[in-house]
Amino acid sequence: MPIRVDFRDPSTALTWIEETRIKRPYRPRFFTAFCAALSRRSSVRILELGSGPGLLARALLVHCDVRSYVALDFSPAMHALAAEHLGPLASRVDFVTRDFREPAWPDGLGLFDAVVTLQAAHETRHKRHLVPLLARARLVLDPCGVVLYADHYLTPETKLPALTPAREDQPLALAQAGFVDVELLHDEGNMALWRGTNPPA
Ligand SMILES: C[S@@+](CC[C@H](N)C(=O)[O-])C[C@H]1O[C@@H](n2cnc3c(N)ncnc32)[C@H](O)[C@@H]1O
């Protein structure tokens, strides 16, 4: 069954935000886990993939020492909602409208200390695209930079199994993309947050 949701439609974007707040009350604990993972780093350059309404961006900008923040999403409607949600913090964010299914999405973005992504990697629309997405994310990371990847994993109730890797395949995908020291940071609501490190040069 194909995904029918298109976040480039403004009303779809708004509905997703409201429904997700109610359906997934555990998400703030993922924001906390992302922040904890970056709390020991200073002057962090962050790229977020599928940044949506800017909820994770707000948490990271408030709680971490962020030098720069690039929010990449293919939906201008989501970027508009994020700018509204971030208020004055939006001036510290570079909003990039780009489709991460295009192989050239990393071109010209520069280098980062952390690439973060929450509940968005499945939007590549098939789990076979996960390793290539993560491998491209590694291209924009400095040596010893980290990827923080959180998304749902397969359960018997999963509605779109083609999009959703098994839980044990999530860390394997990070390893196949070339990351080392892959570690689980949080697991709740059939969603896991993993950290992978770009090997030293
Ligand atoms: C389920 S929402 C998650 C938003 C945000 N990460 C969060 O958890 O609050 C998925 C996001 O990915 C974006 N997205 C979907 N397909 C994309 C693509 N091919 N390239 C870039 N962004 C995409 C959507 O516009 C949406 O903002």
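Please refer to the structure placed before this passage.
Residues numbered from 1 in each chain as written. Predicted model: local features only at pLDDT ≥ 70, side-chain atom pairs only at ≥ 80, totals over all residues. Heavy atoms only, no water.

1. Description of the environment of Leu148
- The topology assignment puts Leu148 in strand S5 (residues 141-152).
- When the C-alpha atoms of Leu148 and Asp181 are compared, they prove to be 12 Å apart, with 33 residues separating the residues in sequence.
- Sequence-distant contacts of Leu148, that is, excluding residues within four places in its chain, are made with Phe34, Ala37, Leu38, Val115, Val116, Thr117, Leu185, Leu193, Trp194 and Arg195. (Helix = DSSP H or I, 4+ residues; strand = E, 2+ residues; numbered from the N terminus. Contact = heavy atoms within 4.5 Å.)

2. Observations concerning the packing of aromatic side chains
- For the structure on display, the rule yields 2 aromatic pairs.
- Each ring, one from Phe7 and one from Trp16, has its centre 5.9 Å from the other, and the planes form 85°; the classification is edge-to-face.
- Judged by relative accessible area, Phe7 falls into the buried class, the value being 11%.
- With 6.1 Å between their ring centres and 65° between their planes, Tyr26 and Phe30 make a pair best called edge-to-face. Like Tyr26, the residue Phe30 is buried in the burial classification.
- Its guanidinium or amino end placed over the ring of Tyr153, Arg167 lies 5.8 Å from that ring's centre, counting from NZ or CZ. (Phe/Tyr/Trp six-rings, centres within 6.5 Å; stacked < 30°, edge-to-face > 60°. Buried < 20%, exposed > 50% of the residue type's maximum accessible area, 1.4 Å probe, protein only. Lys NZ or Arg CZ within 6 Å of the ring centre and 35° of its normal.)

3. Side note on the pattern of salt bridges
- Under the counting rule described, the total for this entry stands at 9 salt bridges.
- For Asp6, the salt bridge goes to Arg8, with nearest N and O atoms at 3.0 Å.
- With a closest N to O distance of 3.3 Å, Arg101 and Asp99 form a salt bridge.
- Among the ionic contacts, a cluster of salt bridges with common partners joins Arg45, Asp113 and Asp142. (Salt bridge = Lys/Arg side-chain N within 4 Å of Asp/Glu carboxyl O.)

4. Here's the deal with unusual backbone geometry
- A positive phi angle, near 55°, is found at Ser43, a position not held by glycine.
- Topologically, Ser43 is positioned in the loop between helix H2 (27-38) and strand S1 (44-49).
- Even without a glycine there, the phi angle at Cys144 is positive, about 70°.

5. Considerations on the nonpolar core
- Core analysis: the biggest nonpolar cluster contains 31 residues, and Phe34, Leu38, Ile46, Leu60, Tyr69 and Val116 have the highest contact counts within it.
- For this core, the element with the highest residue contribution is H2, accounting for 7 residues.
- The residues touching Ile46, leaving out its near neighbours within four places in the chain, are Leu38, Leu60, Val66, Ser68, Tyr69, Val70, Phe112, Ala114 and Val116.
- Counting residues in hydrophobic clusters, the runner-up holds 26 residues, among them Val96, Ala121, Ala137 and Ala177. (Core = buried A, V, L, I, M, F, W, Y, C linked by side-chain atoms within 4.5 Å.)

By themselves, these observations are geometric and do not establish any function.
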